[in-house]
Amino acid sequence: MSISHAPPTQRSGISPVSKDEESSLDLQPLVPASARRARVPRWLRRTMGPVLLLLLWQLLSATGVLPSDVLASPGRIAEVGRELVADGSLPSAMGTSLRRVAAGLVFGTVVGTGLALVSGLFRIGEDLVDAPVQMLRTVPFVGLIPLFIIWFGIGETPKIAIITLGVTFPLYLNVYAGIRGVDAQLIEAGESLGLSRWGLVRHVVLPGALPGALTGLRYSLGIAWLALVFAEQVNADSGIGFLMVQARDFLRTDVIVVCLIVYAFLGLLADFIVRSLERLLLQWRPTFTGR
């Protein structure tokens with residue numbers, strides 16, 4: 001029996017490719033479909049929605065569909081905003097409101113995180129703390145304003161107390177859920193490595209609860225600005241909410257809209273800071289970023 005020693009390409013009927021032909025072949029890099037679709041810069045896509053809404057608003061105001069006594073035009077609002085900045089009333093109100101939110105956020109973070117640690121790390125703490133907190137969080141904090149005025153007077157204390165109360169409960173719920181959501185196998189692995197109780201808390205439990213805590217912080221910031229709106233409209237003589245009350249008394253919808261825009265941008269700035277903090281502290285956790 002004779003055995004053929006011809007190359008495989010010749011036996012199969014496929015002509016071999018020379019080295020010159022191989023070098024002439026262009027290798028095309030593989031590009032994800034999502035990257036090929038992203039022809040428009042993302043920052044431009046994110047601004048298209050607000051810009052289109054602003055153009056529609058201006059069009060409705062210019063054609064008279066949206067009367068100025070109902071809602072001022074964007075041009076009028078921009079002019080009023082410049083006037084408020086020029087006379088110093090808006091920067092002063094922003095500074096006062098920021099101080100109130102900062103104080104309420106600090107107190108609420110300390111109280112909410114402390115209660116969540118006690119309730120999440122210790123069973124006896126859960127038995128003593130969780131039920132009262134769950135009862136209090138169902139009470140609308142706005143309804144407590146009259147009590148706070150009776151208890152603390154009409155100064156800064158009731159305003160900061162309202163913001164503190166609004167911040168406490170979202171942080172408590174998210175930090176508590178983050179602690180109790182840590183994988184039990186990670187706890188067992190830490191114990192098998194000889195970690196002490198404090199070592200487990202420091203190296204396993206707290207890092208595992210950090211994503212939930214940052215989510216709670218983002219939610220708490222939104223509640224803080226909402227609480228500030230209510231707090232500054234009750235017996236206030238300064239702040240953005242005070243400007244809104246004055247504008248309401250004089251039927252100045254343009255000033256009201258300027259104050260609402262300031263609230264929105266301050267809230268967006270605070271959310272951007274927390275999201276940047278998330279990217280910094282959670283680099284170890286790969287997540288899906290969309291397609």
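Look a little higher up for the structure.
Keep in mind it's a predicted model, so treat the numbers as computed, not measured.

Asker: Explain a positive patch on the surface to me, please; I cannot follow it from the model alone.
Answerer: Judged by side-chain charge, R42, R45, R46, R275 and R279 come together as a positively charged surface patch. Put simply, the parts of the chain that give the positive patch at least two residues each are α4 (42-62) and α13 (253-281). The leading source of residues in the positive patch is α4, at three residues. Summarising the element assignment, R45 is placed in helix α4. The partly exposed category is assigned to R45, whose relative accessible area is 44%.

Asker: Honestly, the side chain of T164 in this entry has me stumped. Any pointers?
Answerer: Examined against the element boundaries, T164 turns out to sit in helix α9 (residues 156-180). With relative accessibility at 13%, the residue T164 sits in the buried group.

Asker: What is the right way to look at the environment of T96 in this model?
Answerer: Here T96 shows up in helix α6 (residues 89-121). Residue T96 is classed as buried on the basis of its relative accessible area, which comes to 11%. With 144 residues separating them along the chain, T96 and I240 place their C-alpha atoms 8.0 Å apart. The residues touching T96, leaving out its near neighbours within four places in the chain, are S238 and G239.

Reading guide: rules and limits
Residues numbered from 1 in each chain as written. Predicted model: local features only at pLDDT ≥ 70, side-chain atom pairs only at ≥ 80, totals over all residues. Heavy atoms only, no water. Patch = residues over 30% accessible without salt bridge, like charges linked within 9 Å, V, L, I, M, F, W, Y side chains within 5 Å. Areas by Shrake-Rupley, 256 points an atom, 1.4 Å probe, with all protein chains shown as cover. Salt bridge = Lys/Arg side-chain N within 4 Å of Asp/Glu carboxyl O. Lys, Arg positive; Asp, Glu negative; His and termini not counted. Charge placed at Lys NZ, Arg CZ, Asp CG, Glu CD. Helix = DSSP H or I, 4+ residues; strand = E, 2+ residues; numbered from the N terminus. Buried < 20%, exposed > 50% of the residue type's maximum accessible area, 1.4 Å probe, protein only. Contact = heavy atoms within 4.5 Å.

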